[in-house]
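# Reading the structure
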There are 2 protein chains.
Amino acid sequence: MTTHIGFLGTGLMGAPMAANLLKAGFILTVWNRTGAKTRPLADAGAGVADAPAGVAEGADAVISMLENGPVVTEVLFDRGVADALAPGALVIDMASIPPSTARDHAGRLEKKGVGHLDAPVSGGTRGAAEGTLAIMAGGALEDFERAREILQALGRATHVGPAGAGQLAKCTNQVIVAITIGAVAEGLLLAAAGGADPAAVREAITGGFADSRILQEHGRRMIERDFVPGGPIRMQMKDLNTALDAAADASLALPITSMIKELFQALLDAGGNEFDHSALLLELERQSPTVRLGDGPDKLP
Amino acid sequence: MTTHIGFLGTGLMGAPMAANLLKAGFILTVWNRTGAKTRPLADAGAGVADAPAGVAEGADAVISMLENGPVVTEVLFDRGVADALAPGALVIDMASIPPSTARDHAGRLEKKGVGHLDAPVSGGTRGAAEGTLAIMAGGALEDFERAREILQALGRATHVGPAGAGQLAKCTNQVIVAITIGAVAEGLLLAAAGGADPAAVREAITGGFADSRILQEHGRRMIERDFVPGGPIRMQMKDLNTALDAAADASLALPITSMIKELFQALLDAGGNEFDHSALLLELERQSPTVRLGDGPDKLP
């Protein structure tokens, strides 16, 4: 019996993910707020619903890849998806939303006999297109097992704990990314300020304990002063705020994350919303006006 | 003509490095403060000097792998090495010392017609034994070219700029390592505090943008609560102080590094000198007494 999947949100990430599900042989019905974005998927064989509830009727599973927590809540509960799902169906929410909201959704669906996984992703549009997303899944282990075949078409999925744990894992990811950007920015600025060649220093320390994806990719961006996103600062700020709220809920102080958030906030206040998050460098340079990493012009969005 | 090398300091790092130079066919004379440590090298064919100046006589190059800046200054300039070197010889200082001290040494040797490279390393005793150290070299490019054959026997060398730049690169390395430890500690604590499985979260995010050598090795240590060094906090503090002094010399503020230094200082004040630097986790846990990463016992030195 072929699995019927409903797919909510076919934007930059959702469209290639839905296309991979079609390729894997699933029967797919899609909905998107801006209907035109569903056309390539319709051409590839997907059904198109003109309202969210339409993807839920007869679906074994509904995947949502929507913008933020309030939109997921609205689409699932105010626009009829939850009511249209049969008991035994499964919601897989792959948007990045607060852990507390994910737990609330899981609880409300459980009352209807509908399963829920919070399964946010890392890997960007490239990972979505190539089916190589890192998927962090929270929820009941049996729901994770039921979803395994679906998730395999999208990337590498790991079960990380109960409801909300997938969103927490995404917060962990974003906290580590943001602070590591700060680490690389301060390290390279120190090299430049003291008269070393930052590009040669980056090359010299790659492969040692200082090595990271951020040193490799964002370190190169900083040296080239290429701040065209990539990952825009407004998204990084949304994720850091979610992480700090989740930490506060758990009586956890995150002093380094809090400082990094202040640095990004200063960039936002100066109009840097759409700059790549490696532009954290610019705020550190603003604080030390005689120091600059390299002498090329800034590439800005 | 075979190159004659003098080697100062055959401790944990220096002894295997000197052994690799012997294996590569160089003629070696060694000196160490505690003479007994030179015996295995003597058995392998090295000459042994009973004073530092003894390694310099007739040497094409002198390598120092000593404890800190004052010791390097004392051995090179107060105990006769600089005076015993012939014009055209080369000093390769591979200890981690302040960039300003390295520049001073280079200037003093230049007046005697002796070349100087500051060439600190990363990779630990294992890298020293395997000849795979990352070597960050500052100084004149022609001196770096002259030293290439020697450095190749010890690891992978990169020329990163003029005198002092090698030490700056080591500071960059240590700043990035220290902050990235903070990144991983805060991220994993958040996962644990919210009820996710930190080991599964670490597994899920490995390979993505949050990935780093620190996530892989120190992240595992934190989850296993294994704080036996590795890299002891007192060494991390020495390097952070050197980095912050070098930053101050260059009118550069490093707010994140300064915060990390305060966290390590609190650990030192609590008696954690010999704990591995991944024990930064313990200070974050102390600040949030209801949160703990895992429930195993601490492994302490």
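### Some remarks on the relation of the copies chain A and chain B
- Placing chain A over chain B gives an RMSD of 0.1 Å and needs a rotation angle of 180°, together with 0.0 Å of translation along the axis. Classification of the inter-copy transformation places it as that of a two-fold axis. No C-alpha of chain A lies nearer the rotation axis than that of serine 212 of chain A, which sits 1.9 Å from it.
- A symmetric contact is evident, with 100% of the interface residues of chain A recurring at the interface of chain B.

### Details of the packing of helix α12 (residues 233-249) of chain A against helix α13 (residues 255-269) of chain A
Residue and element names in this part refer to chain A.
- Where α12 contacts α13, the two axes come as close as 10 Å, and the packing angle between them is 145°. Crossing handedness for the pair α12 and α13: left-handed. The residues of α13 that touch α12, namely those facing Ile233, Arg234, Gln236, Met237, Leu240, Asn241 and Leu244, are Thr257, Ser258, Ile260, Lys261, Phe264, Gln265, Leu267 and Leu268.

### Comments concerning the pairing of strand β4 (residues 61-64) of chain A
All names here are of chain A.
- Burial of the side chains of β4 extends over both faces: Ala61 and Ile63 are buried on one face and Val62 and Ser64 on the other.
- Across four bridges, strand β1 (residues 4-8) lies against β4 in parallel orientation. Residue isoleucine 5 lies in a different strand from β4, and its bridge partner there is alanine 61.
- Sheet topology places β4 next to strand β5 (residues 90-93); four bridges connect them, and they run parallel.

### Regarding the interface of chain A and chain B
- Counting from both sides, the interface comprises 69 residues of chain A and, opposite them, 69 residues of chain B.
- Buried area between chain A and chain B, summed over both chains or domains, comes out near 5,500 Å², and the portion from carbon and sulfur atoms is 69%.
- Among the residues of chain A in contact with chain B, Glu186, Leu190 and Phe209 of chain A are the three that bury the most area, contributing 14% of the side total.
- Here arginine 156 of chain A ties to glutamate 203 of chain B by a salt bridge, and the two come within 3.8 Å at their closest N and O atoms.

### A word on the domain arrangement of chain A
Residue and element names in this part refer to chain A.
- For chain A, the domain assignment lists domain 1 (4-163) and domain 2 (168-287).
- The centre of domain 1, based on its C-alpha atoms, is set 30 Å off from the matching centre of domain 2.
- Tallying the contact residues gives 13 residues for domain 1 and ten residues for domain 2.
- For the pair domain 1 and domain 2, the two sides together bury roughly 730 Å², of which 62% comes from carbon and sulfur.
- For the domain 1 face of the interface with domain 2, the top three residues by lost area are Ser96, Pro99 and Met136, together amounting to 53%.
- Linking domain 1 to domain 2 there are zero salt bridges.
- If you look at where domain 1 meets domain 2, you find four residue pairs in polar contact (both at pLDDT 80 or more).

Cut-offs used in this document
Residues numbered from 1 in each chain as written. Chains lettered and ligands numbered in written order. Predicted model: local features only at pLDDT ≥ 70, side-chain atom pairs only at ≥ 80, totals over all residues. Heavy atoms only, no water. Least-squares fit on C-alpha atoms with pLDDT ≥ 70 in both. Contact = heavy atoms within 4.5 Å. Axes fitted to C-alpha atoms, helices over the stretch in contact; angles between N-to-C directions. Helix = DSSP H or I, 4+ residues; strand = E, 2+ residues; numbered from the N terminus. Left-handed = near helix turned anticlockwise from the far one by under 90°. Buried < 20%, exposed > 50% of the residue type's maximum accessible area, 1.4 Å probe, protein only. Pairing = 2+ DSSP bridges. Buried area = accessible area lost by both parts, 1.4 Å probe. Salt bridge = Lys/Arg side-chain N within 4 Å of Asp/Glu carboxyl O. Domains from an automatic or database assignment. Polar contact = N/O pair within 3.5 Å; in protein donor to acceptor, adjacent residues only side chain to side chain.

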